[in-house]
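Here is how the chains run, residue by residue.
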Amino acid sequence: MRFWKALAVVALIVGFAGLGVWRGWVALPPQWNPWAPLDVNLAPNLLTRFKLMALRNDPQLCDQALATSGLRTARQADSGANSTCPLTNVLRVQGGEVALSSSFLASCPLAVAFALFERHGLQPAAMAVYGQKVTRVDHLGSFACRNMYGRESGARSQHATASALDIAGFRLADGRTVSVLRDWPKDNADARFLRQARDGACDMFSVVLSPDYNAAHRNHFHLDVGPWWICR
């Protein structure tokens, strides 16, 4: 009985604290306020994935986050409801401080997660290993209306909603390139950088799959903002 009374008291305290934050009676730093818009300039934390998911069906909240991202994007019209793989609240990401091998379609959470990765995962890894920045990301695409692994049946891939991006390599400021396929198996600075970049992506994306996961990912990192959590 005492346990349940104590639990009820804790629930009341948490409830009142949450109400205070929501009403603005209790001030919290924006990165720790669940109701504050996501700011790409602030380091990711435990609330980042929650805030990313909130962008999925809220274009206004999406625009607020994108305004801090440094990305160049263009909104795309929603596809018809009868489409095999319907898309809503989708953007074409054209680049930012880092160039892209080509533009790509992205759900709003994917676009903002990519901006977070670029700023808080990718560039810190490059500076730590090479002392210089990444200037271009080479990717294999994002949107593909297909099932997982291209199977005839089964669950849809996150690529089918433009919620996944496959990254194949990077170009550094001095012109050198780093390839997942070529450099992951090595025991050198390039392999160390790739692993640090992979690990950094796990703070922003729900699923991060590298060559350590299986042979299907030997040549790229799969990054997505789906409902599952895995980093390997």
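Residues numbered from 1 in each chain as written. Predicted model: local features only at pLDDT ≥ 70, side-chain atom pairs only at ≥ 80, totals over all residues. Heavy atoms only, no water.

**Regarding the side chain of Ser 179**
Within the secondary structure, Ser 179 sits in strand β7 (residues 177-179). A polar contact of 3.3 Å, which involves the side chain of Ser 179, links it to the backbone nitrogen of Leu 181. Those residues in contact with Ser 179 that lie beyond four places of it in its chain are Ala 168, Gly 169, Trp 184 and Leu 194. (Helix = DSSP H or I, 4+ residues; strand = E, 2+ residues; numbered from the N terminus. Polar contact = N/O pair within 3.5 Å; in protein donor to acceptor, adjacent residues only side chain to side chain. Contact = heavy atoms within 4.5 Å.)

**As for the state of the cysteines**
According to the stated counting rule, one finds three disulfides in the structure shown. With a sulfur-sulfur separation of 2.0 Å, Cys 85 is cross-linked through a disulfide to Cys 145. In this structure, the disulfide formed by Cys 85 and Cys 145 twists by about 80 degrees around the S-S bond and is classed as right-handed. Taken as a pair, Cys 85 in the loop between β1 (72-75) and β2 (90-95) and Cys 145 in the loop between β5 (134-141) and β6 (164-172) lie far apart in primary sequence, 60 residues in all. Relative accessible area serves as the criterion here: at 8%, Cys 85 is assigned to the buried category. Here the bonded cysteines of the protein are numbered in sequence order, and their pairing is 1-3, 2-4, 5-6. (Disulfide = S-S within 2.5 Å. Buried < 20%, exposed > 50% of the residue type's maximum accessible area, 1.4 Å probe, protein only.)

**Observations concerning the sheet that holds strand β4 (residues 104-107)**
Taken together, the three strands give an open sheet; going across it, the order is β1-β2-β4, and neighbouring strands pair in antiparallel fashion. Each end of this open sheet is capped by a strand with a single partner; those strands are β1 and β4. Between one strand axis and the next, the sheet turns through 40 degrees on average, direction left out of account. Across four bridges, β2 lies against β4 in antiparallel orientation. For Val 93, the partnering residue across the bridge sits in β4 and is Phe 104. (Pairing = 2+ DSSP bridges. Axes fitted to C-alpha atoms, helices over the stretch in contact; angles between N-to-C directions.)

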